[in-house]
Amino acid sequence: LPALPVDVAVGAMYQNFKLGDKLLDAKAIAFNVMGSRRYGHAVSIEPYLGLGLDSFQMDVEYDSGSEPVQISFDRENDFHVTIGTSINLPGVKLNGEFNKAAVTGFAGGISFGM
């Protein structure tokens, strides 16, 4: 979108994992919006910020021998914040980011290419 001062990315994900007929049923949903802005050309730095919502829900059902056991975990919703930057050099790209959500983490990477 040329009118915006930043590049914008929007993402959505749905995942459903089932094990057996009724043994395990887990569902995950995520929605995210990210914005970034590149400074420089051949050598550049590109800070970015992302906001999102992560949601997870799981049901378990099994036979313990004497009676069936049913467990339903309440849906857990967590806000997700990502702050990071990418450094673009000729042939090499470095990136690092901090994620704050249900689990806090750091990530880093290096890639090579022309």
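Because the structure is predicted, anything quoted here is derived from the model rather than measured.

Colleague: Account for the side chain of serine 36, with residues named and values stated.
Modeller: By the secondary structure assignment, serine 36 is in strand β2 (residues 24–36). We classify serine 36 as buried; its relative accessible area is 13%. A distance of 2.8 Å separates a polar atom in the side chain of serine 36 from a polar atom in the side chain of glutamate 46. Ignoring anything within four residues of it in the chain, the contact list for serine 36 reads Val6, Asp7, Glu46, Pro47 and Tyr48.

Colleague: Hey, could you go over the pairing of strand β1 (residues 7–19) for me, with residue numbers and the actual values?
Modeller: Here 13 bridges tie β1 to β2, and the two strands are oriented antiparallel to one another. Along β2, the bridge assignment pairs methionine 13 with alanine 30. In this structure, the hairpin formed by β1 and β2 is closed by a connection of four residues, where glycine 20 is found at a positive phi of approximately 70°.

Colleague: Give me the packing of aromatic side chains: which residues, what numbers.
Modeller: Following the criterion strictly, the structure yields one aromatic pair and no others. Pairing phenylalanine 98 with phenylalanine 106 gives two aromatic rings, centres 5.2 Å apart and planes at 50°, and the pair type is tilted. On the accessibility criterion, phenylalanine 98 (28% relative accessible area) is partly exposed. Residue phenylalanine 106 is classed as exposed on the basis of its relative accessible area, which comes to 70%.

Colleague: Lay out the pattern of salt bridges with the relevant residues and their values.
Modeller: Two side chains carrying opposite charge are able to pair once their charged atoms lie near each other. In total, this model carries two salt bridges according to the counting rule given. Residues lysine 27 and aspartate 25 are paired through a salt bridge, measuring 3.0 Å at the closest nitrogen-oxygen approach. We classify lysine 27 as partly exposed; its relative accessible area is 22%. Residue classification places aspartate 25 among the buried positions, given a relative accessible area of 17%. Two residues, glutamate 46 and arginine 38, come together in a salt bridge whose shortest N-O distance is 3.2 Å. With relative accessibility at 12%, the residue glutamate 46 sits in the buried group. Since its relative accessible area comes to 43%, arginine 38 is described here as partly exposed.

What counts and what doesn't
Residues numbered from 1 in each chain as written. Predicted model: local features only at pLDDT ≥ 70, side-chain atom pairs only at ≥ 80, totals over all residues. Heavy atoms only, no water. Helix = DSSP H or I, 4+ residues; strand = E, 2+ residues; numbered from the N terminus. Buried < 20%, exposed > 50% of the residue type's maximum accessible area, 1.4 Å probe, protein only. Polar contact = N/O pair within 3.5 Å; in protein donor to acceptor, adjacent residues only side chain to side chain. Contact = heavy atoms within 4.5 Å. Pairing = 2+ DSSP bridges. Phe/Tyr/Trp six-rings, centres within 6.5 Å; stacked < 30°, edge-to-face > 60°. Salt bridge = Lys/Arg side-chain N within 4 Å of Asp/Glu carboxyl O.

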